[in-house]
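# Reading the structure
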Amino acid sequence: MRNRGAFGVREVIAMGHGVNAQTVAPVGTLDAPALRMPHWPSSLPQDDTSASGAVSPVSKAKNESVLRRVALSSFLGNFIEWFDYATYTYFAIQIGTAFFPADSGINSTLLAFAIFAISFIFRPLGAMFWGSMGDRKGRKWSLSVSIFVMTGAAFLIGILPGYSSIGLAAPLLLLVLRSVQGFSAAGEYSGAAVFLAEYAPVNHRGLYCSLVPASTASGLLAGSMAALAMKLVLPEAAVEEWGWRVPFLIALPLGLVAHFIRTRLEDAPAYKKTQENGGKDGDSVQPLRELFSKYRRRLLVSIAATMVNSVGFYLVLTYLPTYLTSYAGLDAALAQGITAASLLVYIALIFLSGKVSDLVGRKKMLQAACVLFVAFSVPGFCLLNAGVLPFVIAGQLLLSVILTVNDSNIACYQAEMFPTSVRYTGAAMGSNIAYVLFGGTASFVATALIDATGNGMAPAYYMIAICVVAFLILLFAHEYSGRSMDSID
């Protein structure tokens, strides 16, 4: 999976500058030769210029190296977050057995999922904190500290003694660590998007920011595949005793790599310019107060746009294996395999959709996704309900392709719609409010609707309703693509 993710970063850099991907050095090699680009974007600092105003080779190589590291660090943070998400859900049975008493009379797996769900409550609080600090102290500061806290909490879960060793302290500490993860992960997705958007060339911003959803899907795929591999390789007793802990232990070294890269980056010129214009004391800024006093309408648009992403991503790429097993009659392993294939298609197409958004605009792409989901959600779920393998594959691929039209744009659009002084806070608040209200509840709502109506098409109708609301709100939104980040006010 690491190779897949690295390929995605290389492709974005190559596509964004019209060069062959084979000429791009591996992103994991920070001192690799510079990319061969015909023109470097003016959004990056260009200190060493000749008398004619041309950028010197030394400065160009430096700028290219900076953008590679920004792209890699942004990719890694979300990859780790969703790698952890996948491993927790796939090892929920083993986690429940380890941290809850067997004779409690309550399903231990259900309790493990309850702790997982509770952690979502802390995401808006984390968005307020990391977003505010990202606007006051810098994007680099928030992203460097949050990744360290998030992966540190995951590592501690991996070494946390179980109920048999420390009793009730085990589930309580698990709850604390999961809450810390939810709190610290709240600024990761939006912060990575803001960091990339402020560094990216104006006419390739959508392409660069598509790395953010690609990293999310890559982490989800890698986590699920890691869990599946461990269950296949290790005896069941070993998985239950210690095997489930391994993916959580891996999070820390990955986090240290991302932390190391981020601490050696500088905030983008657009942010520095705002800080200089506002005075040297960045702590004098009150981004939360400014957001809610001046940009409430944009925040509502951000939430509406993220509704489609939240419900769509959780339904299509995380809930469908359960749906296919419970309601379409497919074998669990087969259902998971189809979803894994859909994730690969999603990752491949997300960059293409991001590139298209640079040509037609983010707002049009988001609206197009709403229209496509309204038109094809019912046909897609009809194919899924058929229970015939070719139809099931076609149905999930159809929904996954439509999802890329939305998801490739949402991270970039959230970063673009707010001015620099509140950009991190606005993007983080918009996405996390939507994730808590709609993303974290998507699977529950879909299951509840099916149980209440007896209609397996209920999730499709729910998706349609979400898209209709989002489309109507987006009618009043503005387009920001093609504008420099420091010109948005």
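Residues numbered from 1 in each chain as written. Predicted model: local features only at pLDDT ≥ 70, side-chain atom pairs only at ≥ 80, totals over all residues. Heavy atoms only, no water.

## Concerning the overall build of the protein chain
Here is the rule: Runs of H or I in DSSP of at least four residues are treated as helices and runs of E of at least two as strands, each being numbered from the N terminus. Think of it in three bands: with a 1.4 Å probe and only protein chains considered, a residue is buried below 20% of the maximum accessible area for its type, exposed above 50%, and partly exposed in between. Whether two residues touch is decided by their heavy atoms; if any such pair falls within 4.5 Å, the residues are in contact. Methods summary: accessible areas were calculated by the Shrake-Rupley approach with a probe of 1.4 Å, and residue burial reflects only the protein chains presented.
Secondary structure assignment for the protein chain yields 22 helices and 0 strands. The buried share of the protein chain, taken over its 489 residues, is 57%. Relative to all contacts within the protein chain whose residues are 6 or more apart in sequence, the contacts with residues 24 or more apart total 81%. Split by element, the accessible area of the protein chain, about 18900 Å² in all, is 66% carbon and sulfur.

## Observations concerning the layout of surface pockets
Empty space among the atoms can be located by rolling a probe the size of a water molecule over them. Heads up, the rule is: In the cavity and pocket records, a cavity denotes points on a 1 Å grid over the protein atoms alone where a 1.4 Å probe fits but cannot get out, a pocket denotes an open set with protein on both sides within 12 Å along at least 5 of 7 lines, and lining residues are residues with an atom within 4 Å of a point. Grid points are joined across faces, edges and corners, and a volume is the space filled by probe spheres set on the points. We call Asp, Glu, Lys and Arg charged. Ala, Val, Leu, Ile, Met, Phe, Trp, Tyr, Cys and Pro are nonpolar, and the rest, Gly among them, are polar.
Estimates place the volume of the largest pocket at around 1400 Å³. Residue lining of the largest pocket: 44 residues in total, with Thr89, Tyr90, Phe113, Thr318 and Thr322 positioned closest to the centre. With 8 residues, helix 16 (residues 296-326) is the single largest residue contributor to the lining of the largest pocket. Of the residues assigned to the lining of the largest pocket, the class counts are 25 nonpolar, 16 polar and 3 charged.

## Let's talk about a nonpolar patch on the surface
Here is the rule: For patch building, the residue pool is restricted to those with more than 30% relative accessible area and no salt bridge; the joining distance is 9 Å between like charges and 5 Å between nonpolar side chains (Val, Leu, Ile, Met, Phe, Trp, Tyr). Put simply, a salt bridge is a Lys or Arg side-chain nitrogen that is within 4 Å of an Asp or Glu carboxyl oxygen.
A cluster of nonpolar residues, Val374, Val468, Leu472, Leu475 and Phe476, forms a patch on the protein surface that exposes about 450 Å² of accessible area. Turning to its location among the elements, Val374 is positioned in helix 18 (residues 362-385). Looking at Val374, the relative accessible area reads 37%, which means it is partly exposed.

## Focus: empty space enclosed by the protein
If you walk through the whole model with that rule in mind, you get 3 cavities of 30 Å³ or more. In this model, the largest cavity occupies a volume close to 160 Å³. Around the largest cavity, the lining comprises 14 residues; the ones closest to its centre are Glu81, Asp84, Arg123, Arg178 and Ala185. Those elements that place two or more of their residues in the lining of the largest cavity are helix 2 (57-90) and helix 8 (169-185).

## Details of helix 5 (residues 123-136)
Selection rule: Helix span, as expected, comes to 1.5 Å for every residue beyond the first.
For helix 5, spanning 14 residues, the distance from its first C-alpha to its last is 19 Å, which sits close to the expected 20 Å at 1.5 Å a residue. With 10 of 14 residues buried, helix 5 is to be regarded as a mostly interior element. Listing the buried residues of helix 5 in full gives Arg123, Pro124, Gly126, Ala127, Trp130, Gly131, Ser132, Met133, Gly134 and Asp135.

## With respect to the side chain of Asn406
Looking at the element boundaries, Asn406 is found in helix 19 (residues 389-416). By relative accessible area, which is 1% here, Asn406 ends up buried. Non-local contacts of Asn406, meaning those with residues more than four positions away in its chain, are made with Ala305, Val308, Asn309, Leu366 and Ala369.

## Describing the side chain of Asp267
Basically, it comes down to this: Residues scored as charged are limited to Lys and Arg (positive) and Asp and Glu (negative), so that His and the chain ends carry no count. Under the rule applied, a polar contact is a pair of N or O atoms within 3.5 Å (in protein, one hydrogen donor and one hydrogen acceptor; residues adjacent in sequence only if both atoms are side-chain atoms).
Within the fold, Asp267 resides in the loop between helix 13 (246-263) and helix 14 (269-277). Of the side chains bearing the opposite charge, Arg139 lies closest to the buried Asp267, which forms no salt bridge; the N-O distance is 5.3 Å. From its side chain, Asp267 meets the backbone nitrogen of Arg139 in a polar contact 2.9 Å long. Within the local environment of Asp267, its side chain forms a polar contact with the backbone nitrogen of Lys140, the two atoms lying 2.9 Å apart. When residues no more than four places from it in sequence are discounted, the contact partners of Asp267 are Lys137, Gly138, Arg139, Lys140, Phe195, Tyr199 and Lys272.

## Looking at the confidence of the model for the protein chain
The condition that has to hold: Predictor confidence is given residue by residue as pLDDT, running from a minimum of 0 to a maximum of 100.
The predicted model of the protein chain has a mean per-residue pLDDT of 84, with 85% of residues at 70 or higher. Note that pLDDT drops below 50 for residues 279-284; the model gives that stretch 6 contacts with residues more than four away or on any other chain.

## Notes on the packing of helix 6 (residues 139-159) against helix 13
We count it as follows: Lines fitted to the C-alpha atoms define the axes, with helices restricted to the stretch that makes contact. Angles between their N-to-C directions range from 0 to 180 degrees. In this scheme, roughly parallel covers angles under 35 degrees and roughly antiparallel covers those over 145, while 65 to 115 is roughly perpendicular and the rest are oblique. Helix crossings fall into two classes, left-handed where the near helix is turned counterclockwise from the far one by less than a right angle and right-handed where it is turned clockwise.
Between helix 6 and helix 13, whose axes approach to 7 Å, the crossing angle comes to 165°. The angle between helix 6 and helix 13 places the two elements in the roughly antiparallel class. Considering the relative orientation of helix 6 and helix 13, their crossing is left-handed. From helix 6, Lys140, Leu143, Ser144, Ile147, Phe148, Thr151, Gly152, Ala154, Phe155, Ile157, Gly158 and Ile159 reach across to helix 13, where they touch Phe248, Leu249, Ala251, Leu252, Gly255, Leu256, Ala258, His259, Arg262 and Thr263. By residue class, the composition of the contact of helix 6 with helix 13 is 13 nonpolar, 7 polar and 2 charged.

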